[in-house]
Amino acid sequence: MNSLEVVLSLKIFDYLTKPTYHFSLCKHVRNALKTGIFFFSCGMSVFKRVVGVGSIFSHEEEAGVEYVDVDKLDSNSDELDGSKLEVFIAQQEVKFLSGLIRRYKPKKILEVGVCNGGSSAVILNSIKDDEEAKLCSIDIDAGEHVGRAVRKSFPELAKGGKWRLFKGNIAAKFLVEIGDGIDFVFLDTLHVNPVEFLDFLMILPYLKEGAVIVIHDVMLQHLVGGLDPKHAEYLRAMCKKFIQAYFGVTDVTSLQIQTKFGYPLLTTNCTLLWTIRGKNLIPSYDLPNIGAVKLESGQRKYLWEYFNLLTLPWVYVPGDEHLQIMEKFLKKYYSQELVATFEDEVTYHKAVFAATEKLEERKDEVKTEEKPVEKKGFWRRLMPWLD
Ligand SMILES: C[S@@+](CC[C@H](N)C(=O)[O-])C[C@H]1O[C@@H](n2cnc3c(N)ncnc32)[C@H](O)[C@@H]1O
């Protein structure tokens, strides 16, 4: 019971026993009972704290959420010259990432989604004084720019075998070489279904018990949606860059971003952050676009929920080469039933995408009721732009 609940119960008691009420008590009896209630409530509060029982209102304790004041974290990110970082995460988020690394002192860090390498530099800077700590970074893109901020502007941070960069493929391709015992992950890839869901399923077998996973862009659906004008312009521009780079669309109008690839579909990282079981670590400032989970033990019991994320509508279907690598990898670590969920979803979403293309080609002839994809179940939503 917290102080609010104690005050409330005293008020209710007062109301029920006041002289005008039919259940009236003399002043002395009322005062004695009120003192009793007060000490009983305090006792309950101490008891619940000791045995770990709480009321439904003490949300932070119950749900295992810690709201982190980033300014109080021991981050050393101010030492880096921000103008050379080429980073895709905001300054407060840099502090959060660096502060959590310095709090948990991980030894084997995995970063998925590198781009220019700004976040790699932040991570390397956070572990520079810890001889045992190492970073492995993966990016699907094989481009020259991948990781260049570290090579060009902060080469001293990568010295002594502190950093290994794996590029040109998905995590499944490199994880065997990287090996298990990963105790900290920074996940920041495409932010559309099913990319980060699949990234997580690939990483999971390689994690150490109690590992921390930091996920970026967990609020894109809100920020890009324009509810927060401060971020909207910047994020729309960022989104546009993504779409141009990864979907090969050169002429992206803001309308396309809003409707086709935009905020209603950028919910992936938010969904993942709150699905992974463990203690959540969330910056305490307004609208945090980054968050973390410290995994609880026994993650295997939640595999069904994690695979079930793949049944959410896909915005992107990975290429066949990547799908094959992934399938082989998943078969190694997960049951036949779970892998079948993955396979079914691939088949289904490929059909949806093929149908979308056909519909777009035949836009003028096809009536809206005509849907060439057989739905698996009435609850299955097709891609929004098919409707
Ligand atoms: C937002 S950028 C990363 C930004 C970087 N973390 C930073 O803060 O500076 C996303 C990167 O993820 C990469 N990416 C997209 N899908 C991926 C996947 N499935 N596996 C690995 N990398 C991926 C892209 O090539 C791109 O470079």
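In this text the structure is predicted, and so the values were computed from the model without any measurement. (Residues numbered from 1 in each chain as written. Predicted model: local features only at pLDDT ≥ 70, side-chain atom pairs only at ≥ 80, totals over all residues.)

### Side note on the overall build of the protein chain
(1) Moving on: Looking only at helices and strands, the protein chain features 15 helices and 8 strands.
(2) Moving on: Counting only residues that meet the buried cut, the protein chain has 34% of its 387 residues in that class.
(3) Moving on: Of all intrachain contacts in the protein chain linking residues separated by at least 6 positions in sequence, the fraction that spans at least 24 positions is 75%. (Helix = DSSP H or I, 4+ residues; strand = E, 2+ residues; numbered from the N terminus. Buried ≥ 20, exposed ≤ 12 C-beta atoms within 10 Å, placed from the backbone. Contact = placed C-beta atoms within 7 Å.)

### A word on helix 7 (residues 171-178)
(1) Moving on: The complete set of buried residues in helix 7 reads Ala171, Ala172 and Leu175. Taken down its axis, helix 7 places every buried residue within 85° of arc, on the same side. Seen from the open side of helix 7, the exposed residues pointing more than 90 degrees away from its buried face are Val176 and Glu177.
(2) Moving on: On its buried face, helix 7 is in contact with strand 2 (108-112), strand 3 (134-139), helix 8 (195-203) and helix 14 (320-333). (Arc of directions from axis to C-beta.)

### Looking at the confidence of the model for the protein chain
(1) Moving on: Taken residue by residue, the protein chain gives an average pLDDT of 81. The fraction at 70 or more is 70%.
(2) Moving on: Note on residues 252-262: pLDDT under 50 across the span, and 19 contacts to partners over four residues away in sequence or across chains. (pLDDT = per-residue confidence, 0-100.)

### A word on the pairing of strand 4 (residues 163-167)
(1) Moving on: Two elements, strand 3 and strand 4, share 5 bridges in a ladder whose sense is parallel. Bridging from a neighbouring strand, Ser137 pairs with Leu165 of strand 4.
(2) Moving on: Crossover connection from strand 3 via helix 6 (residues 148-153) to parallel strand 4: handedness right-handed. (Pairing = 2+ DSSP bridges. Right-handed = clockwise from strand over helix to strand, strands pointing away.)

### Here's the deal with the site of the ligand
(1) Moving on: The ligand sits among 21 residues. The nearest are Phe88, Gly113, Cys115, Gly118 and Ser119.
(2) Moving on: Every element with two or more residues in the shell around the ligand is listed here: helix 5 (118-126), strand 3 and helix 8.
(3) Moving on: For the shell around the ligand, the per-class residue count stands at 12 nonpolar, 5 polar and 4 charged. (Near = placed C-beta within 6 Å. Nonpolar A, V, L, I, M, F, W, Y, C, P; charged D, E, K, R; others polar.)

### A word on the sheet that holds strand 5 (residues 182-187)
(1) Moving on: Spatial ordering of the open sheet is given by 1-7-8-6-5-2-3-4, a layout of 8 strands whose pairing is mixed. The strands lining the two open edges of the sheet, one partner per strand, are strand 1 (65-68) and strand 4. When the angles between neighbouring strand axes are averaged without regard to direction, this sheet yields 15°.
(2) Moving on: Taken together, the 4 bridges between strand 2 and strand 5 define a ladder with parallel strand orientation. (Axes fitted to C-alpha atoms, helices over the stretch in contact; angles between N-to-C directions.)

### Here's the deal with unusual backbone geometry
(1) Moving on: That bond from Asn193 to Pro194 is cis: its omega, 0°, falls within 30 degrees of zero.
(2) Moving on: With respect to the helices, strands and loops of the structure, Pro194 is situated in the loop between strand 5 and helix 8.
(3) Moving on: At Cys115, a position not held by glycine, the phi torsion is positive, near 55°.
(4) Moving on: Relative to the elements of secondary structure, Cys115 occurs in the loop between strand 2 and helix 5.
(5) Moving on: Using a count of 22 C-beta atoms within 10 Å as the deciding quantity, one classes Cys115 as buried.
(6) Moving on: For Asp217, which is not glycine, the phi dihedral falls at a positive 60°.
(7) Moving on: Positionally, Asp217 belongs in the loop between strand 6 (207-216) and helix 9 (220-223).

### Some words on the nonpolar core
(1) Moving on: Ranked by size, the top nonpolar core spans 78 residues in total, and within it Leu97, Ala121, Ile123, Val185, Ile213 and Val214 carry the most contacts.
(2) Moving on: The element best represented in this core is helix 8, accounting for 7 residues.
(3) Moving on: If sequence neighbours within four positions are ignored, Ile213 has contacts with Val185, Leu187, Ile276, Ala292, Val293 and Leu295. (Core = buried A, V, L, I, M, F, W, Y, C linked by C-beta atoms within 7 Å.)

### Considerations on the pairing of strand 3
(1) Moving on: With 5 of its 6 residues buried, strand 3 lies for the most part within the structure.
(2) Moving on: By the bridge criterion, 5 bridges tie strand 2 to strand 3 in an arrangement that is parallel. Across the sheet, residue Lys108 finds its bridge partner in strand 3, namely Lys134.
(3) Moving on: Taken together, strand 2, helix 5 and strand 3 form a β-α-β motif whose crossover is right-handed.

### Topic: the packing of helix 8 against helix 12 (residues 268-275)
The axes of two packed helices give the description: the angle between them and the distance between them.
(1) Moving on: Relative orientation of the contacting elements helix 8 and helix 12 amounts to 35°, with a least axis distance of 8 Å. Taken together, the residues of helix 12 that come into contact with helix 8 (itself represented by Val195, Glu196, Phe197 and Phe200) are Thr268, Asn269 and Leu272.

### Section: the packing of helix 7 against helix 8
(1) Moving on: Interaxial distance between helix 7 and helix 8 falls to 10 Å at its minimum, and their mutual angle equals 20°. As judged from the angle between their axes, helix 7 and helix 8 are roughly parallel. Of the two elements, helix 7 crosses helix 8, and the hand of that crossing is right-handed. Two secondary-structure elements touch here, helix 7 through Ala171, Ala172 and Leu175 and helix 8 through Asp199, Met202 and Ile203.
(2) Moving on: When its residues are assigned to classes, the contact of helix 7 with helix 8 shows 5 nonpolar, no polar and 1 charged. (Parallel < 35°, antiparallel > 145°, perpendicular 65-115°, else oblique. Left-handed = near helix turned anticlockwise from the far one by under 90°.)

### Comments concerning the environment of Lys34
(1) Moving on: For Lys34, the location among the structural elements is in helix 2 (residues 27-51).
(2) Moving on: Spatially, the C-alpha atoms of Lys34 and Ser9 are 9.3 Å apart, while their sequence positions differ by 25 residues.

### A look at the environment of Cys136
(1) Moving on: In this fold, Cys136 is placed in strand 3.
(2) Moving on: Residue class for Cys136 comes out buried when judged on the 20 C-beta atoms lying within 10 Å of it.
(3) Moving on: Counting along the chain gives 30 residues from Cys136 to Phe166, while the straight-line C-alpha distance between them is 7.5 Å.
(4) Moving on: Apart from residues no more than four positions distant in its own chain, Cys136 is found in contact with Leu110, Arg164, Phe166 and Ile178.

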